[in-house]
Amino acid sequence: MDPVNAIVLLSNFVIIPALAYGSQLALGALGVTLIYGILRFSHFAHGDIMAFGTAIVILTTWWLQGAGITIGFLPTALLALPVGIAATVLYLLAADRTVYRFYRKVRAKPMIFVMASLGVMFVTNGITRLIIGPGERRFDDGERFVFSVRDFREWSGLAEGLALRSSQALTLVVALIAMGLLFWFLNRTRAGKSMRAYSDNEDLALLSGINPERVVIITWAIAGTLMVLAGTLYGLDKSFRPFTYFQLLLPFFAAAILGGLGNPLGAIVGAYVVAFSEMGITYAWRRFFQHLMPENWAPEGLLQLLPVDYKFAVTFAILVVVLIFRPTGIFKGKSI
């Protein structure tokens with residue numbers, strides 16, 4: 001029995017990847033829950049606008065790399081983030097002015113907004129494929145690992161290795177900073193308190209002198225920033241393909257609904273639950289239990305509940321169960 005190697009193995013293949021993936025989902029789910037909580041509709045264009053913003057970051061990154069501008073061991077995409085964020089926020093504000101603003105004025109039902117967001121989704125998907133193509137694009141550079149499996153084995157002397165990719169470490173750091181700044185903004189600034197008041201009671205907020213258009217602009221700006229951060233970090237960690245970002249819409253909504261749609265803290269908790277569920281159920285546990293059990297008791301099968309290709313089925317199952325048994329989520333958000 002070797003519990004230390006078992007823990008290292010689990011950390012390498014489940015815990016660290018799930019923390020990174022969960023952080024990426026948390027940033028995306030925060031955008032979903034902010035739009036739902038303040039603008040009061042489910043934004044189905046979220047994944048494709050994230051792909052659009054990431055595509056702008058990639059194109060800017062390639063331009064910087066071509067000009068010989070890099071930042072050493074860190075990915076050049078960090079320098080391109082402001083361009084991607086600015087382009088995405090402008091795109092969201094243009095979509096709001098041309099599509100969503102009219103329906104707000106006539107006080108359309110939430111389902112009308114959802115259908116309108118589907119239209120924005122298809123248009124955005126076409127624009128993204130037009131500017132960068134439908135295929136896989138890689139834009140990561142800099143140091144690949146903080147430490148590699150070989151480095152860890154030489155340092156520890158263990159049979160199992162542990163690696164920490166730079167993209168994973170960067171994801172955790174950026175996500176932590178972004179979440180902290182978001183909660184500080186919502187709880188400590190006048191604009192953030194206005195957004196919360198508008199979310200709680202729109203009519204009372206208007207009577208208090210809160211400018212609804214200003215709240216809408218700030219909401220889209222924050223959501224756009226979170227989209228680009230999540231999309232860029234996901235692309236650095238895995239690679240960029242426009243259709244993949246459309247698929248991420250399911251885990252985003254599953255995380256937001258599981259935590260409590262409209263509740264930012266719930267979105268973060270839900271994102272990590274979804275990430276660890278996907279990783280845990282699709283992981284082959286054989287080697288892990290081989291380290292914990294006597295040799296003659298070692299399992300013969302892979303001990304894998306589902307293949308990796310079915311990870312979104314795990315998310316869908318979580319979403320269905322939550323909608324049936326607790327539609328308001330863990331933190332009792334707004335029932336959908």
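Structural data are supplied above this passage.
Just so we're clear, the structure is a prediction, and the values are computed from it rather than from any experiment.

Caption draft 1: Examining the overall build of the protein chain more closely. Across its full length, the protein chain holds 14 helices and 2 strands. Taking 2.2 N^0.38 as the reference for a compact globule, 336 residues should give roughly 20 Å; the C-alpha atoms of the protein chain span a radius of gyration of 21 Å, in line with that estimate. Taking all 336 residues of the protein chain together, 49% fall into the buried category. In the protein chain, once contacts between residues fewer than 6 apart in sequence are set aside, the share between residues at least 24 apart is 75%. Summed over all atoms, the accessible surface of the protein chain reaches about 16000 Å², with 66% contributed by carbon and sulfur. Charge separation in the protein chain, taken as the distance between the mean sites of 27 positive and 19 negative side-chain charges, equals 12 Å.

Caption draft 2: Representation of the environment of His43 within the structure. Looking at where His43 falls in the secondary structure, it is placed in the loop between helix 1 (3-39) and helix 2 (46-66). With a relative accessible area of 0%, His43 lands in the buried category. C-alpha separation for the pair His43 and Ala95, spaced 52 residues apart in sequence, amounts to 12 Å. In contact with His43, not counting residues within four places along its chain, are Ile35, Ile49, Leu92, Tyr100, Ser117, Trp220, Met227, Leu249 and Phe253.

Caption draft 3: Layout of helix 2. For helix 2, with 21 residues, the first-to-last C-alpha span of 30 Å sits near the 30 Å given by 1.5 Å per residue. Counting buried positions along helix 2 gives 16 out of 21 residues, so the element sits mostly inside the fold. Downstream of helix 2 by a residue or two, Gly68 has a phi angle that is positive, lying close to 80°.

Caption draft 4: The packing of helix 2 against helix 9 (residues 212-237), seen in detail. It is the contact of helix 2 with helix 9, at a shortest axis distance of 8 Å, that shows an interaxial angle of 70°. Regarding the angle of helix 2 to helix 9, the classification is roughly perpendicular. In the packing of helix 2 onto helix 9, the handedness of the crossing is right-handed. On helix 9, the residues that touch His46, Ile49, Met50, Gly53, Thr54 and Val57 of helix 2 are Met227, Val228, Ala230, Gly231 and Thr232.

Caption draft 5: Region of the structure containing the packing of aromatic side chains. The full count for this structure, using the stated rule, is 18 aromatic pairs. When the ring of Tyr234 is compared with that of Tyr245, the centres are 5.7 Å apart and the planes differ by 75°; the resulting orientation is edge-to-face. Of this pair, Tyr234 sits in helix 9 while Tyr245 sits in helix 10 (residues 242-247), and the two are 11 residues apart along the sequence. By relative accessible area, which is 6% here, Tyr234 ends up buried. By relative accessible area, Tyr245 is classed as buried at 0%. Look at Phe243 and Phe246: their rings are 5.7 Å apart centre to centre, the planes differ by 35°, and that puts the pair in the tilted class. Placement of the pair is Phe243 and Phe246 together in helix 10, with a separation of 3 residues, close to one helical turn. What makes Phe246 partly exposed here is its relative accessible area of 33%. Taking NZ or CZ as reference, Lys311 lies 5.2 Å from the ring centre of Tyr21, over its face.

Reading the values: rules and limits
- Residues numbered from 1 in each chain as written.
- Predicted model: local features only at pLDDT ≥ 70, side-chain atom pairs only at ≥ 80, totals over all residues.
- Heavy atoms only, no water.
- Helix = DSSP H or I, 4+ residues; strand = E, 2+ residues; numbered from the N terminus.
- Rg over C-alpha atoms; globule rule 2.2 N^0.38 Å.
- Buried < 20%, exposed > 50% of the residue type's maximum accessible area, 1.4 Å probe, protein only.
- Contact = heavy atoms within 4.5 Å.
- Areas by Shrake-Rupley, 256 points an atom, 1.4 Å probe, with all protein chains shown as cover.
- Lys, Arg positive; Asp, Glu negative; His and termini not counted.
- Charge placed at Lys NZ, Arg CZ, Asp CG, Glu CD.
- Expected span 1.5 Å × (residues − 1).
- Axes fitted to C-alpha atoms, helices over the stretch in contact; angles between N-to-C directions.
- Parallel < 35°, antiparallel > 145°, perpendicular 65-115°, else oblique.
- Left-handed = near helix turned anticlockwise from the far one by under 90°.
- Phe/Tyr/Trp six-rings, centres within 6.5 Å; stacked < 30°, edge-to-face > 60°.
- Lys NZ or Arg CZ within 6 Å of the ring centre and 35° of its normal.

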